[in-house]
Amino acid sequence: MKNSTLSDAVLVNNYIVGDESALSILIERHKQRIYSFIYSKVFDKDISEDIFQDTFIKVIRTLKLGKYNEEGKFLPWVMRIAHNLVIDHFRKGNRMPKFEDNGEFSIFSIISDGDLNAEKKLIKNQVEEDLRSLIQELPDDQKEVLIMRMYRDMSFKEISDKTGVSINTALGRMRYALINLRKVIDKNNIVLTN
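Residues numbered from 1 in each chain as written. Predicted model: local features only at pLDDT ≥ 70, side-chain atom pairs only at ≥ 80, totals over all residues. Heavy atoms only, no water.

## Here we look at the overall build of the protein chain
Along the protein chain, the regular secondary structure elements total nine helices and zero strands. Element order for the protein chain, N to C, with α for helix and β for strand: α-α-α-α-α-α-α-α-α. Residues counted as buried form 40% of the 194 residues belonging to the protein chain. The contacts of the protein chain with a sequence gap of at least 6 include a subset with a gap of at least 24, amounting to 53%. Carbon and sulfur atoms make up 51% of the accessible area of the protein chain, which totals about 11,000 Å². (Helix = DSSP H or I, 4+ residues; strand = E, 2+ residues; numbered from the N terminus. Buried < 20%, exposed > 50% of the residue type's maximum accessible area, 1.4 Å probe, protein only. Contact = heavy atoms within 4.5 Å. Areas by Shrake-Rupley, 256 points an atom, 1.4 Å probe, with all protein chains shown as cover.)

The structure is reproduced here in C-alpha cells:
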C-alpha cells in the first residue's frame, strides 16, 4: 500500500518506527492549512515560514522522544503547537497586542499574561479568536491601522507612511476602530475578562 493513501495515525506510527518518508507525506498533506493558519496570525511571510519550520522541528522532537499520544488527531495537535509558537513569537518580541496610552481597552492585557492555567489559556485563545473575527468586521481603513498597530507594532508615523495618510488620520482611524470594536463587543455581549 502506498504511503500517501495511509491515514495520519498510520503515517505517524510508521515515522516513529523509522520510516522517514512518512513525515514528508504528513507535512505535504497539511502544510497549506498549517501555514495559512500561522500567516493569519502574524501577517508576515518570513515569520510564518520560520514558525512553520519550528512547528515541525517540535513535531519531530516530540515524535522521536516517543511523547506523542494524540490518538490519531495529528492535525489538531500540530495546530496547537503552531498556535503556541505564534504566541511565543509575539511574547518574545513583546509584540502582544497592547495599548499603553489610553487605558480604554484593557482586554489586550489578558492576552499577554504569561502564566495562565489551562482553563484560562483556552479562554484566552477564544478571546483572541473572537477578537480577530471582530476586527474583520471593521471598515477596511480602520482594520488596516489596527492590525499594523497591534500585531505589527508599527508606530503611527510608520502607519502614516505605509498608508499614505497623515498621522492624525491614522490616529483617528485607530480611535474609531477601538470605538467600533467596543460597540460590537457590547452588542454581542462578549465577555473579554473573567
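## Things to note about the pattern of salt bridges
All told, the structure shown has seven salt bridges when counted by the stated rule. Across the pair Arg29 and Asp8 runs a salt bridge, and its minimum N-O distance is 2.7 Å. Taken together, the positions of Arg29 in helix α2 (residues 20-42) and Asp8 in helix α1 (residues 8-16) put the pair 21 residues apart, joining distant regions of the chain. (Salt bridge = Lys/Arg side-chain N within 4 Å of Asp/Glu carboxyl O.)

## Examining the nonpolar core
Formed by 49 residues in total, the largest nonpolar core has its most connected members in Ile34, Ile38, Val59, Phe74, Ile135 and Leu146. For this core, the secondary structure elements donating two or more residues are α1, α2, α3 (45-64), α4 (74-92), α6 (118-136), α7 (140-150), α8 (156-163) and α9 (167-187). Of all the elements, α4 adds the most residues to this core, at ten residues. (Core = buried A, V, L, I, M, F, W, Y, C linked by side-chain atoms within 4.5 Å.)

## Observations regarding α2
Its maximal kink placed at His30, α2 deviates by approximately 55 degrees. Considered for burial, the residues of α2 that qualify are Ala22, Leu23, Leu26, His30, Ile34, Phe37, Ile38, Lys41 and Val42. Once α2 finishes, Phe43 follows within two positions and takes phi at roughly 55 degrees, a positive value. (Bend = angle between axes of the 7 residues up to and from the residue.)

## What about the packing of α2 against α4?
Their axes nearest at 10 Å, the elements α2 and α4 cross at an angle of 35 degrees. For the element pair α2 and α4, the recorded crossing hand is right-handed. Note on element contacts: α4 touches α2 through Phe74, Leu75, Val78, Met79, Ala82, His83, Val86, His89 and Phe90, opposite Leu26, His30, Arg33, Ile34, Phe37, Ile38, Lys41 and Val42. The residue makeup of the contact of α2 with α4, split by class, is twelve nonpolar, three polar and two charged. (Axes fitted to C-alpha atoms, helices over the stretch in contact; angles between N-to-C directions. Left-handed = near helix turned anticlockwise from the far one by under 90°. Nonpolar A, V, L, I, M, F, W, Y, C, P; charged D, E, K, R; others polar.)

## Describing α1
Residues that lie three or four places apart on an α-helix share one face, since the helix turns once every 3.6 residues. Looking at α1, one finds that the buried residues are Asp8, Leu11, Val12 and Tyr15. Projected onto a plane normal to the axis of α1, the buried residues spread over an arc of 100 degrees and lie on a single side. Buried positions along α1 lie against α2, α3 and α4. Phi for Gly18, located one or two positions after α1, is positive at around 115 degrees. (Arc of directions from axis to C-beta.)

## Some points on the packing of aromatic side chains
Applying the stated criterion across every chain yields a total of four aromatic pairs. Relative to Tyr39, the ring of Tyr35 has its centre 6.4 Å away and its plane inclined at 20 degrees; by these criteria the two rings are stacked. On the criterion of helical spacing, the pair formed by Tyr35 and Tyr39 is a turn pair, its members being four residues apart in helix α2. Grouping aromatic residues by their ring pairs yields a cluster made of Tyr68, Phe74 and Trp77. (Phe/Tyr/Trp six-rings, centres within 6.5 Å; stacked < 30°, edge-to-face > 60°.)

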